[in-house]
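Chain and residue survey
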Amino acid sequence: MATLPRHRNSYRPTPKVRVRSLLRLNEAVQKINSILDLDVLLDSIVNDISVAFGCLEAAVLLKEDGTEEMCVAAVTGCTKCFKRDRFRIGVDGLTGWVASTGLPLYAPDVTREPHYIACEETTRSELDLPLIAHGE
């Protein structure tokens, strides 16, 4: 894909904002430790993150073993993307690019991203973060 990683902007959160963000992440980690059913856990985390950070949409995609695809494991706020939908790594959308590079991507204006797959008409920005465990 022709998309390049974005440079970090000059925004520096205040200490108060950083502490609140860290507390939210801590709550997510506590939830991970208390819920053993992966589907329930991911649904809960996606919903909590969406509310806590004011996201219109949020999703977790997991790489399918033995394939070059990711499967939507949890999603909220999107009317076109559902659990078990598949995205090809390196091919489908900004998420596919992030999965192929392992680099995070913040697109402040998705209308300028040729690989963006539109979901909701009101979406203006997207943040994709790779979750890497054991080298995958």
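The structure we're discussing is the one just above.
Just so you know, these numbers come straight off a predicted model, no measurement behind them.

Next up on the list: the environment of K80. Along the chain, K80 turns up in the loop between β2 (69-76) and β3 (86-88). Linking K80 and A133, residues 53 residues apart in sequence, is a C-alpha distance of 28 Å. With residues near it in sequence (within four places) discarded, K80 still touches D85, A118, C119 and E120.

Inspection of the secondary structure puts T76 in strand β2. At a separation of 3.1 Å, a polar atom in the side chain of T76 contacts the side chain of N47. Once you skip the residues sitting within four places of it in the chain, T76 turns out to touch V46, N47, S50, L56, E57 and A58.

Before going further, it helps to spend a moment on helix α2 (residues 38-53). For α2, spanning 16 residues, the distance from its first C-alpha to its last is 22 Å, which sits close to the expected 22 Å at 1.5 Å a residue. Within the span of α2, buried status applies to L41, L42, S44, I45, V46 and S50. Where α2 is buried, its residues meet α1 (15-34), β1 (58-63) and β2. A side-chain oxygen of the first residue of α2 lies 3.0 Å from the backbone nitrogen of D39; this N-cap is D37. In the segment just after α2, G54 is the residue with positive phi, at about 70°.

What follows deals with the state of the cysteines. As used here, a disulfide is simply a covalent bond connecting the sulfur atoms of two cysteines. Counted under the stated rule, the structure contains 1 disulfide. Sulfur-sulfur distance for the disulfide between C78 and C119 comes to 1.8 Å. Taking the sign of the torsion about the S-S bond as the criterion, the disulfide between C78 and C119, at about 55°, is right-handed. Taken together, the residues C78 in the loop between β2 and β3 and C119 in the loop between β4 (105-107) and β5 (126-128) connect sequence positions 41 residues apart. Summarising the burial analysis for this pair, C78 and C119 share the class buried. For C71, which is in no disulfide, the shortest distance to another cysteine sulfur is to C81 and amounts to 9.4 Å. The buried category is assigned to C71, whose relative accessible area is 11%. With no disulfide of its own, C81 lies closest to C78 among cysteine sulfurs, the gap being 5.1 Å.

The rules behind each value
Residues numbered from 1 in each chain as written. Predicted model: local features only at pLDDT ≥ 70, side-chain atom pairs only at ≥ 80, totals over all residues. Heavy atoms only, no water. Helix = DSSP H or I, 4+ residues; strand = E, 2+ residues; numbered from the N terminus. Contact = heavy atoms within 4.5 Å. Polar contact = N/O pair within 3.5 Å; in protein donor to acceptor, adjacent residues only side chain to side chain. Expected span 1.5 Å × (residues − 1). Buried < 20%, exposed > 50% of the residue type's maximum accessible area, 1.4 Å probe, protein only. Disulfide = S-S within 2.5 Å.

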